[in-house]
Protein chains: 2
Amino acid sequence: MGDSLNQDLLPGTLYMMILQTLSHGPLHGYAIARRILDWSKGDLEIEDGSLYPALSRMLNKGWLKAEWGITDTNRRARFYRLTPKGREQLGQESEAFNKMIRAIQLVMKTA
Amino acid sequence: MGDSLNQDLLPGTLYMMILQTLSHGPLHGYAIARRILDWSKGDLEIEDGSLYPALSRMLNKGWLKAEWGITDTNRRARFYRLTPKGREQLGQESEAFNKMIRAIQLVMKTA
DNA sequence: CACTATATATAGTCCAGAAAGGTATTCGGG
DNA sequence: CCCGAATACCTTTCTGGACTATATATAGTG
């Protein structure tokens, strides 16, 4: 029933994590999801119904460029890479995120 | 323009913070917002167009009970207090939040 | 008496994320 | 050689939370 935080993702953090996975080089969508899953030790599972629309929006915003290629497992896939604008966005988002988290933790820890 | 994290609030955390402010005793809506603003040192400003609908949903979920009273500044106000269910919800949400944050930080720090 | 701060509420809008369904291909096993 | 699992992509539809704007009302202050 989508009870706020009892969900797959913390809303508003998907773009940031996608940008982060791409910050060391291009990846295709499926690999992005797997990487986030791995890095989070299995805690963050990105549904592809969330991932691909997000990638699409990010293309429109000019944060990413995409081109078709072949994976190391010999399959057709669309590789996304960061644009300079996307890299800048990553910086802004992670800074805003950290600030937000600190503020929330202040509220949650204040007795 | 509503660029994900460039907003007032991290979506999905409002319930949790409201529950937290009420965990030490009843408050009216306006005071909840002010308390979150104070505790976050001015960083988290709850719009009343977000607050009152949220309080209303929380009443429906049975997390809160409300009754009308008079503030110390002698004004009519609706005082909200946690139900046992709400207290349990607070525990669950803050646990889920911490876990989520840890997972995201893993992703964001992985080189 | 007007203005500010306090206090609540709702209607309307927007958008991200989830659910669910659909297509296609590679590869390994039986 | 076929079948199923894993890989890979995409779209449509729905829901729900947060924001904007608006409306109402009163206590206290200048």
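If you're wondering where the values come from, they're calculated on a predicted model, not measured in any experiment.

As for the relation of the copies chain A and chain B
- The operation relating chain A to chain B is a screw motion whose rotation component is 180°, with 0.0 Å of axial translation and a residual RMSD of 0.1 Å. The operation mapping one copy onto its partner corresponds to a two-fold rotation axis. Across chain A, the smallest distance between a C-alpha and the rotation axis is recorded for Pro11 of chain A, namely 2.8 Å.
- Most of the interface of chain A is mirrored in chain B: 100% of its interface residues are interface residues there too.

As for the protein's contact with DNA strand D
- Residues in contact with DNA strand D amount to 33 residues; listed here are only the nearest, His28, Gly29 and Ala77 of chain A together with Asp8 and Gly49 of chain B.
- At the level of secondary structure, the elements contributing two or more residues to the surface near DNA strand D comprise helix H2 (29–39), helix H3 (48–61) and strand S3 (76–82) of chain A together with helix H3 (48–61) of chain B.
- No other element matches H3 of chain B, which puts six residues into the surface near DNA strand D.
- Partitioning the surface near DNA strand D into residue classes produces 11 nonpolar, 14 polar and eight charged.

Concerning the protein's contact with DNA strand C
- Around DNA strand C, the surrounding shell holds 32 residues, and the nearest of these are Asp8 and Gly49 of chain A together with His28, Gly29 and Ala77 of chain B.
- Of all the secondary structure elements, the ones that give two or more residues to the surface near DNA strand C are H3 of chain A together with helix H2 (29–39), H3 and strand S3 (76–82) of chain B.
- Residue contributions to the surface near DNA strand C peak at six residues, all from H3 of chain A.

As for the sheet that holds strand S2 (residues 64–70) of chain B
All names here are of chain B.
- Pairing in this open sheet of three strands is antiparallel, and the strands run S1-S3-S2 from one edge to the other. The outermost strands of the open sheet, each flanked by one partner alone, are strand S1 (27–28) and S2.
- As paired strands, S1 and S3 are joined by two bridges and run antiparallel to one another. What sits directly across from His28, in S3, is Phe79.

Remarks on the interface of chain A and chain B
- Counting residues at the interface gives 30 residues for chain A, matched by 30 residues for chain B.
- For the side of chain A that touches chain B, the elements supplying multiple residues, two or more each, are helix H1 (14–21), H2 and helix H4 (84–109) of chain A.
- Of the residues that constitute the side of chain A that touches chain B, the class distribution is 18 nonpolar, eight polar and four charged.

What counts and what doesn't
- Throughout, residues of each chain are indexed from 1 in the direction in which the sequence is written.
- To read the labels, note that chains go from A and ligands from 1, taken in the order they are written.
- Residues qualify for local features only when their pLDDT is at least 70, as the model is predicted, and side-chain atom pairs are given and counted only at 80 or more; totals for whole chains, interfaces and linings, by contrast, use all residues.
- Here the copies are matched by least squares. The fit uses the C-alpha atoms of residues with pLDDT of at least 70 in both.
- Contacts are defined on C-beta atoms placed from the backbone: any two residues whose C-beta positions lie within 7 Å are in contact.
- In this text, near has one meaning. A residue is near a molecule or strand if its C-beta atom, placed using the backbone, is within 6 Å of it.
- The way it works is that DSSP assigns letters per residue, a run of H or I at least four long becomes a helix, a run of E at least two long becomes a strand, and they are numbered from the N terminus.
- Side-chain classes follow a simple rule in which Ala, Val, Leu, Ile, Met, Phe, Trp, Tyr, Cys and Pro form the nonpolar group, Asp, Glu, Lys and Arg form the charged group, and the remainder, Gly included, forms the polar group.
- A pair of strands is treated as paired once DSSP finds two or more bridges between them.

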